[in-house]
Amino acid sequence: QSCPRAAGPRAGEEPGSGALPEGVEYIPTRKKGKNPMKPVGVAWYSLYARTRLGYLFYQRQVKKARERYPHGHSVPQPHCFPGVKILPIPVLSNNYSYLVIDTGSSQAAVIDPSDPLAVQAAIEEEGVVLEAIFCTHKHWDHSGGNEALCQKHSSCRVYGSALDAIPQLTNPLADREKVAVGRLTFEALATPGHTVGHMVYVLDGGPFGSPPCLFSGDLLFLAGCGRPFEGSPETMLASLDVAMGLGEDTLLWPGHEYALECLTFASLLELDNSALEQKLQWAVQQRQEKRSTCPSTLGEEQSYNPFLRTHQPELQEALGLWQGGGEDPDAFRARVLKEVRRRKDLYQAT
């Protein structure tokens, strides 16, 4: 159920992408160096993740995105359940931050505040008190707004993994640890792979009559998953399995608007997947109207996301992979995941 909200200004115009069906506009694009991890080499990733050069690059990203998308890259679509409101905040060229509000107490938490100005504007518009920042990982496009927001909101605490160098971290979390913000309860799940300390956060929907809500950062996207910069395929597979253990009705709120790119790639792997074809057509319509494609459900994702279909014979056959005699099933699935990732990286590079 979506909250009533006045239609905001349309996102800025963007040239069409030749990789999509004729007449389809891909917003945002990743073909113009907007992704800080592309092209990625070991040296570049180290500079981005571990030095001040990464922060300077992030600041440049923020400046250019504010100029290009003064109202955000997508039209925000709030979701409401009795007692809770989830507001996606489109930031940078394709990121999402999320403002999660306990509507009874007007206490709120934000997940991955990339652009502090955009997040602060949402806080003021909603008239809420920011009590917590939940960071999925250290990358600047997910944590760059922490310092400015903490300066503005003195009671705000910053939560995340101690294994990642998260800016302004005040409350390190362990796997399965829970945090209350008003009547909201978030559970942190350790999901290493993209970074060594990557965490996702699950909002308990039970008190509000809603499904669980998974804020997945760069672990999982609609039809995609993050690159394992600091983990093996086996590590990433285990983290994806943790997320998939949450239940099919769980709502997926990803860290990026990558739906068209990921669905288009997936359609090249499984040519006869009707669920994938229908989701791609839907996403095309959404993005033509500059609307976000989140949330999906984990049940839906299992029907078309190749990174979650490593156990499916159709995908294994499409990749030309077969389980070896005596090969451990999870080891084989990790091999399938590695091949999907390799092909996705080649697809992004074209």
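Residues numbered from 1 in each chain as written. Predicted model: local features only at pLDDT ≥ 70, side-chain atom pairs only at ≥ 80, totals over all residues. Heavy atoms only, no water.

Just to check I follow, could you spell out the environment of His139 for this structure?
Within the fold, His139 resides in the loop between β5 (129–134) and α4 (140–143). Residue classification places His139 among the buried residues on the basis of a relative accessible area of 2%. In this structure, the C-alpha to C-alpha distance between His139 and Ala49, residues 90 residues apart in sequence, is 6.2 Å. Among the polar contacts made by the side chain of His139, one reaches the side chain of His137 at a distance of 3.3 Å. (Helix = DSSP H or I, 4+ residues; strand = E, 2+ residues; numbered from the N terminus. Buried < 20%, exposed > 50% of the residue type's maximum accessible area, 1.4 Å probe, protein only. Polar contact = N/O pair within 3.5 Å; in protein donor to acceptor, adjacent residues only side chain to side chain.)

Can you help me understand the pattern of salt bridges in this one?
Oppositely charged side chains can pair when the atoms bearing their charge come close. For the structure on display, the rule yields 17 salt bridges. As a salt-bridge pair, Lys63 and Glu67 come within 2.9 Å of each other at their nearest N and O atoms. Residue Lys63 and its partner Glu67 are located together in helix α2 (residues 52–68), separated by 4 residues, close to a single helical turn. Pair check on accessibility: Lys63 and Glu67 agree, each one exposed. We note a salt bridge from Asp102 to Arg183, for which the minimum N-O separation is 2.9 Å. With a gap of 81 residues between them, Asp102 in strand β3 (residues 95–102) and Arg183 in the loop between β8 (178–181) and β9 (184–190) connect regions that are remote in the sequence. (Salt bridge = Lys/Arg side-chain N within 4 Å of Asp/Glu carboxyl O.)

Explain the packing of aromatic side chains here, please?
As enumerated under the stated definition, the model contains 16 aromatic pairs in all. Taking the centre distance of 5.1 Å and the plane angle of 25 degrees together, the rings of Phe134 and Tyr159 count as stacked. In this pair, Phe134 is assigned in strand β5 and Tyr159 in strand β6 (residues 157–160), connecting sequence segments 25 residues apart. Residue Phe134 shares its accessibility class with Tyr159, and that shared class is buried. Each member of the aromatic cluster is reached from another via a ring pair, and the members are Tyr96, Tyr98, Phe215 and Trp253. Above the face of the Trp282 ring, Lys279 is positioned so that its terminal group lies 4.2 Å from the ring centre. (Phe/Tyr/Trp six-rings, centres within 6.5 Å; stacked < 30°, edge-to-face > 60°. Lys NZ or Arg CZ within 6 Å of the ring centre and 35° of its normal.)

Any functional reading would require information beyond the geometric quantities listed.
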